[in-house]
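# What the coordinates show
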Amino acid sequence: MKRFHLAVSALILGSAPLAASAQVVGSGSGSNCFPFGCSLGSATVFQQVYSASNFGGVVSISGLRFFREREGALRNGTYDFYLSTTSAAVDGLSGTFDANRGADNMFWGQFVLGGDAPSELSFVGRPFVYDPTGGNLLLDIRISGGWGGSSVFRSNNGDANGTYSRMHDYGGGTSGYGLQTEFTQPEIPTLAYSTATVPEPGTVALLGLGLAGLLAAGRRRKH
């Protein structure tokens, strides 16, 4: 059966705990709206680099979580997430965004955001195996169709002390700035935006015809 991927904003409700390997990076001493909560006009790129020293060994990253500091709306739009191992330094990201990406740059997931921001904004994507001996970790987010937004998330604002830093094509504040981030391997997230796989429309129609045929055959047997 042929299938194609459709990015959807899916609110998943569940009670399964996150894996014990979940790790929070950053003190979150402040609050900031980049990139999920601001009305940022023509913003298209947000990158955040995490120091390899945050990680004690090889990790498989399949979940990312950010923590709301102030209620409000999410910035509507489509967000493409990429992960890679980068040679770029914390507080040293280039404004030439593609130059920051590592050779293992991987498309991690596509997410459509909108509506009120949950207290914990979680994303589930393809597992990315990160080895901190190879360099720092880069999160690269490409944004399209974004507008609106008023929520604020836990961050460091100029006081990250080498933990992470950011680069973007809107506003100010790069060195020492970044969103507090939890890296997880979730089984079922309590609140998450995820990527769904759905059948092609033609496949759905064929399935419907097949079910109709089975029902008709069942009626004939009864008579």
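Note on numbering: residues in each chain are counted from 1, in written sequence order. Where local features are concerned, this predicted model is filtered to residues with pLDDT of at least 70; where side-chain atom pairs are given and counted, the filter is 80 or more; whole-chain, interface and lining totals use all residues. Side-chain metrics rest on all non-hydrogen atoms present in the structure, leaving aside hydrogens and water.

## Details of the state of the cysteines
Two cysteines joined by a covalent bond between their sulfur atoms form a disulfide. In what follows, a disulfide is any cysteine sulfur pair within 2.5 Å. Within the structure shown, the criterion is met by one disulfide. The disulfide bridge from Cys-33 ends at Cys-38, spanning 1.3 Å between sulfur atoms.

## Description of the confidence of the model for the protein
Scored from 0 to 100, pLDDT records how confident the predictor is in each individual residue. When pLDDT is averaged along the protein, the result is 82; 74% of the residues meet or exceed 70. Between residues 1–20, whose pLDDT stays under 50, and residues either more than four places distant or in other chains, the model counts 44 contacts. Should any heavy atoms of two residues lie within 4.5 Å, those residues are considered in contact.

## Focus: the side chain of Asn-136
The helix count covers DSSP runs of H or I at least four residues long, the strand count covers runs of E at least two residues long, and both are numbered beginning at the N terminus. Summarising the element assignment, Asn-136 is placed in strand β9 (residues 136–147). Polar contact is the term for a pair of N or O atoms within 3.5 Å; when the atoms are in protein, one must be able to donate a hydrogen and the other to accept it, and sequence-neighboring residues count only if both atoms are side-chain atoms. Polar side-chain contacts of Asn-136 include one of 2.8 Å to the backbone nitrogen of Ala-52. Among the polar contacts made by the side chain of Asn-136, one reaches the main-chain carbonyl oxygen of Ala-88 at a distance of 3.0 Å. Sequence-distant contacts of Asn-136, that is, excluding residues within four places in its chain, are made with Val-49, Tyr-50, Ser-51, Ala-52, Ser-84, Thr-85, Thr-86, Ala-88, Ala-89, Val-90 and Tyr-130.

## Thoughts on the sheet that holds strand β6 (residues 76–86)
Strands pair in a sheet through their backbones, by hydrogen bonds, and they do so in one of two ways: parallel or antiparallel. If you walk across this open sheet you meet the five strands as β7-β6-β9-β4-β11, and the pairing is antiparallel. The two strands at the open ends of the sheet, each matched to only one other strand, are β7 (106–113) and β11 (164–168). Pairwise comparison of adjacent strand axes, ignoring direction, gives a mean angle of 20° for this sheet. Here, strands pair whenever DSSP counts at least two bridges between them. Relative to β9, β6 runs antiparallel, the two being bridged by 10 bridges. The residue of β9 that forms the bridge with Tyr-79 is Ile-143. Note on geometry: axes are lines fitted to C-alpha atoms, helical ones only across the stretch in contact, with angles between N-to-C directions running from 0 to 180 degrees.

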